Amino acid sequence: AMASSAVADNFSSREDRAKQKQLQEARQAGTAAPEIDEATGVMINPHNPSFITQAPWYLNQDKPSLKHHQAWNLKDAGTKDWYQRGTKGDVKTKFLKGACENCGATTHTKKFCVERPRQVGAKFNGKNLMPDEFIEDLNLDWDGKRDRWNGFQADDYKEIQDEWERVEAERRNRKAAEMEERAKLRERLKAQKKALKKKRKQRRRQLRRQAEGKESDTGTDTGDSDVDSDTDSDTDSDSEASDDEDLGEKMRDFDKTTSTVATKDDKLRTTTRNLRIREDTAKYLLNLDVNSAFYDPKSRSMREDPLKHLKDEEKGSFRGDNWVRNSGDTKALTELMVFAWDAYKHGEKVHDTAQPTQAAKMHQVFKNRSEDLKQQQKKELMDKYGGQEHLDAPKELIYGQTDNYVEYSRDGRVLKGRERAYVKSKYEEDVLVGNHSSIWGSWFDPATKRWGFACCHQCMKNSYCVPLKGATAEAEAIEGEPAAGGLA
């Protein structure tokens, strides 16, 4: 009935169709005004074919428009906002029923509390009640969820810039004071050299008078030019040395508005950080498998080994950033750095970078003293309680038995038995209920877009597990034993 009524409404006679055709030709020729879209108010191109401009009959679109080309299932544009910082909810003065027993907030329970567990909870003493969390539901879009800079505030980094400018200003002031003091010292040294030169001249004149037997010196002294040249050369060398020392500071205080240009002076030669040799293979090209080691493009780091499935002799020089950090003298340098920090905290003037030899020597003395102290304590315990014979037990008896099962391959790699230990959380994990052999959320139904159990493919969390017929038949074929009847 609806289709027939729509066809009846759109019925036109031969004369009407001829007039419509003439109007369309006039619009294409430019003699008639084109149609205007009622939805957007934009002119409709008169050269569009009829199957584009005409809407389907079931839309009941009487006026000219192209809105039927728009997707009907468009989702609302998501937001890229972020959670508010420093925002707190209501502050309670009295413990309310149903609030967190640990901190007193009403927006969560004790199980989901992230505060430090108190010895006496807020439920019992009613003191120091924490404010409620400001819960904000953000409808993030695809880009908003994956934007690593989402929520970044440039004002926070402004504090770091201000601190850096203050440090630079203080450094320039100290450098100016040092240069002024150095100039005064240079003037004093110059005056001292002139006085010493004058005394040497007088001494040579007296020696010359005594040698010639004269009472008064009437001639001119011509043998002092070498001394003058020596003192002048010393002064010049000192000034050149000071200029070389100030070169690094001048490079740091160059004008920021000037552009960098190439130079042939070795003193102004700089290096580029993280410059990769063009003949080397990039990290992300060593293994093109999508499930291989993760490469972070921002920090240019690949922590895991991209070729861990190969033998050691088949691997290249790069085996992951973690391998580089834990190889060579890295561990020794880390221990030395930690020792220097601890020693500096206790008042020792030691630095592992400024004075590496002193720090290494002190670290060695510290380790020797610690080892001697351990040996002395061990000896005192042995002298007092005895038991020396138990320390000489064979290693086969000490390390021969273990409860850990480890399976190795032919090339010596561990197949199973030493899996990575997962971090335990305070939430319940791997809890099987309702005769299920898998946990809730181990299976996803793409048809209904719901999560369920992998054992029975049921999407109701409180359902009782009934094995699938296909899974039962497969188990029978594999094990060769009859299984319990399943759900058809």
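Nothing here was measured: the structure is a model prediction, and the numbers come from that model.

Caption draft 1: Up close: the overall build of the protein. In terms of helices and strands, the protein carries 13 helices and 4 strands. Looking at the protein residue by residue over its 488 residues, the buried ones come to 14%. Nonlocal contacts in the protein, meaning residues at least 24 apart in sequence, comprise 34% of its contacts between residues at least 6 apart. Accessible surface, the protein as shown: approximately 41,500 Å² in total, 52% of it carbon and sulfur.

Caption draft 2: Focus on the pattern of salt bridges. Taken as a whole and assessed by the stated rule, the structure comprises 14 salt bridges. A salt bridge links Lys67 to Glu38; the shortest N-O distance between them is 3.9 Å. Of this pair, Lys67 sits in the loop between helix H3 (50-53) and helix H4 (122-125) while Glu38 sits in the loop between helix H2 (14-29) and H3, and the two are 29 residues apart along the sequence. Accessibility expressed as a relative area gives 41% for Lys67, which makes it partly exposed.

Caption draft 3: Quick peek at the confidence of the model for the protein. When pLDDT is averaged across the protein, the result is 79; 77% of the residues are at 70 or more. Here residues 1-8 is modelled with pLDDT under 50, and outside its nearest four sequence neighbours on either side it reaches 4 contacts, counting other chains as well. Confidence drops under a pLDDT of 50 for residues 217-237, and excluding neighbours within four residues, the segment shows 12 contacts in the predicted structure.

Caption draft 4: Geometry of helix H11 (residues 356-385). Taking 1.5 Å of rise per residue, the 30 residues of H11 would be expected to cover 44 Å, and the 43 Å separating its terminal C-alpha atoms lies within 8% of that figure. Directly beyond the C-terminal end of H11, a positive phi value near 80° is found at Gly386.

Caption draft 5: Fine view of unusual backbone geometry. The phi angle at Asn60 is positive, at roughly 55°, despite the residue not being glycine. Relative to the helices and strands, Asn60 resides in the loop between H3 and H4. Positive phi outside glycine occurs at Lys449, with the angle close to 60°. Looking at where Lys449 falls in the secondary structure, it is placed in the loop between strand E3 (443-445) and strand E4 (450-452). Here Lys449 falls in the exposed class, since its relative accessible area comes to 62%.

Caption draft 6: Region of the structure containing a nonpolar patch on the surface. A cluster of nonpolar side chains, contributed by Trp149, Phe152, Tyr157 and Ile160, occupies part of the molecular surface with about 460 Å² of accessible area. Its location among the elements puts Trp149 in the loop between helix H5 (142-146) and helix H6 (154-212).

Caption draft 7: Spatial organisation of the environment of His363. Tracing the chain through its elements places His363 in helix H11. Of the residues examined, His363 reaches a relative accessible area of 11% and is grouped as buried. When the C-alpha positions of His363 and Met337 are compared, they lie 9.7 Å apart, and in sequence the two are 26 residues distant.

Caption draft 8: Main features of H2. Taking 1.5 Å of rise per residue, the 16 residues of H2 would be expected to cover 22 Å, and the 23 Å separating its terminal C-alpha atoms lies within 8% of that figure. Backbone geometry just downstream of H2 places Gly30 in the positive-phi region, at approximately 95°.

Caption draft 9: Representation of the state of the cysteines within the structure. Considering all chains together, one arrives at 0 disulfides under this definition. This cysteine, Cys455, is not joined by any disulfide, and Cys465 carries the nearest cysteine sulfur, 3.5 Å off. There is no disulfide at Cys459, and the cysteine sulfur nearest it, in Cys456, is 9.0 Å away.

Caption draft 10: Local environment of the side chain of Asp445. Its place among the elements puts Asp445 in strand E3. It is Arg450 that comes nearest to the buried, bridge-free Asp445 among opposite-charge side chains, at 7.4 Å. Within the structure, Asp445 has its side chain in polar contact with the backbone nitrogen of Ala447 (distance 3.2 Å). Not counting chain neighbours up to four residues away, the residues in contact with Asp445 comprise Arg450 and Cys459.

Caption draft 11: Up close: the packing of aromatic side chains. One pass over the full model with this rule turns up 6 aromatic pairs. Here the aromatic rings of Trp149 and Phe152 are separated by 5.3 Å at their centres, their planes lie at 85°, and the arrangement is edge-to-face. A residue is classified by how much of its surface remains accessible, and Trp149, at 47% relative accessible area, is partly exposed. Relative accessible area serves as the criterion here: at 48%, Phe152 is assigned to the partly exposed category.

Caption draft 12: Region of the structure containing the packing of helix H10 (residues 330-345) against H11. One way to put it is that H10 packs onto H11 with a least axis distance of 10 Å and a crossing angle of 90°. The orientation of H10 relative to H11 falls into the category roughly perpendicular. Facing Glu335, Leu336 and Phe339 of H10, the residues of H11 in contact are Ala359, Ala360, Met362, His363 and Phe366. Tallied by class, residues from the contact of H10 with H11 come to 6 nonpolar, 1 polar and 1 charged.

Thresholds applied
Residues numbered from 1 in each chain as written. Predicted model: local features only at pLDDT ≥ 70, side-chain atom pairs only at ≥ 80, totals over all residues. Heavy atoms only, no water. Helix = DSSP H or I, 4+ residues; strand = E, 2+ residues; numbered from the N terminus. Buried < 20%, exposed > 50% of the residue type's maximum accessible area, 1.4 Å probe, protein only. Contact = heavy atoms within 4.5 Å. Areas by Shrake-Rupley, 256 points an atom, 1.4 Å probe, with all protein chains shown as cover. Salt bridge = Lys/Arg side-chain N within 4 Å of Asp/Glu carboxyl O. pLDDT = per-residue confidence, 0-100. Expected span 1.5 Å × (residues − 1). Patch = residues over 30% accessible without salt bridge, like charges linked within 9 Å, V, L, I, M, F, W, Y side chains within 5 Å. Disulfide = S-S within 2.5 Å. Lys, Arg positive; Asp, Glu negative; His and termini not counted. Polar contact = N/O pair within 3.5 Å; in protein donor to acceptor, adjacent residues only side chain to side chain. Phe/Tyr/Trp six-rings, centres within 6.5 Å; stacked < 30°, edge-to-face > 60°. Axes fitted to C-alpha atoms, helices over the stretch in contact; angles between N-to-C directions. Parallel < 35°, antiparallel > 145°, perpendicular 65-115°, else oblique. Nonpolar A, V, L, I, M, F, W, Y, C, P; charged D, E, K, R; others polar.

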